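Fold and contact review
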Amino acid sequence: MSDKPVIEIDGARFRTLNGFYDEIERALLGPGVRWGRNLDAFNDVLRGGFGITPAGGFVIRWRRSARSRERLGVGRGGQQLFDTLVEIIRVHGPGGEEAEDGVDLELL
């Protein structure tokens, strides 16, 4: 079990990529934080320093992730958007190219 702060997102709260961005704003950034609301900007958010993003890493606990996989559909390059988002998050965690950011992912 990690002692890092846990940020929960809920796959039942969104059906689209824009809905996912709303959930990230709610859970990770806080009110009034301006960011690009695209995949590159999401990647940047995971590096920290935006809104209420915890310093020193954190855990993203994605509840109802199977529902997100079903709902998000296909994105750029024909890949499922869910898989793209998971890949982006995992870049910032153990074994990823930016593991020093300390972002762990729990899919529930």
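Residues numbered from 1 in each chain as written. Predicted model: local features only at pLDDT ≥ 70, side-chain atom pairs only at ≥ 80, totals over all residues. Heavy atoms only, no water.

Identification of the protein chain as Ribonuclease inhibitor from Enhygromyxa salina is taken from an unreviewed UniProt entry. In its Sequence similarities (unreviewed entry) section, the UniProt record describing the protein chain reads: "Belongs to the barstar family." (UniProt positions renumbered as here; feature names shortened; annotations may be inferred.)

Reading across from one edge, β1-β2-β3 is the order of the three strands in this open sheet, with parallel pairing throughout. Every interior strand has two partners, whereas the edge strands, β1 (6–10) and β3 (103–107), have only one. Each neighbouring strand pair of the sheet contributes to a mean axis angle of 20 degrees, computed without reference to strand direction. Across five bridges, the pairing between strand β2 (residues 58–63) and β3 is parallel. The residue bridging F58 from the neighbouring strand is V103, located in β3. The strands touched by helix α1 (residues 17–29) are β1 and β2; relative to β1, the strand with the most contacts, the crossing angle is about 150 degrees. (Pairing = 2+ DSSP bridges. Helix = DSSP H or I, 4+ residues; strand = E, 2+ residues; numbered from the N terminus. Axes fitted to C-alpha atoms, helices over the stretch in contact; angles between N-to-C directions. Contact = heavy atoms within 4.5 Å.)

Along helix α3 (residues 65–72), the residues classified as buried are S65, S68 and L72. In a view along the axis of α3, the buried residues occupy a sector of 45 degrees, so they form one face of it. Relative to its buried face, α3 has exposed residues pointing more than 90 degrees away, namely A66 and E70. Taken together, the buried residues of α3 touch α1, β2, α4 (81–91) and β3. G73 lies just past α3 and shows a positive phi near 75 degrees. (Buried < 20%, exposed > 50% of the residue type's maximum accessible area, 1.4 Å probe, protein only. Arc of directions from axis to C-beta.)

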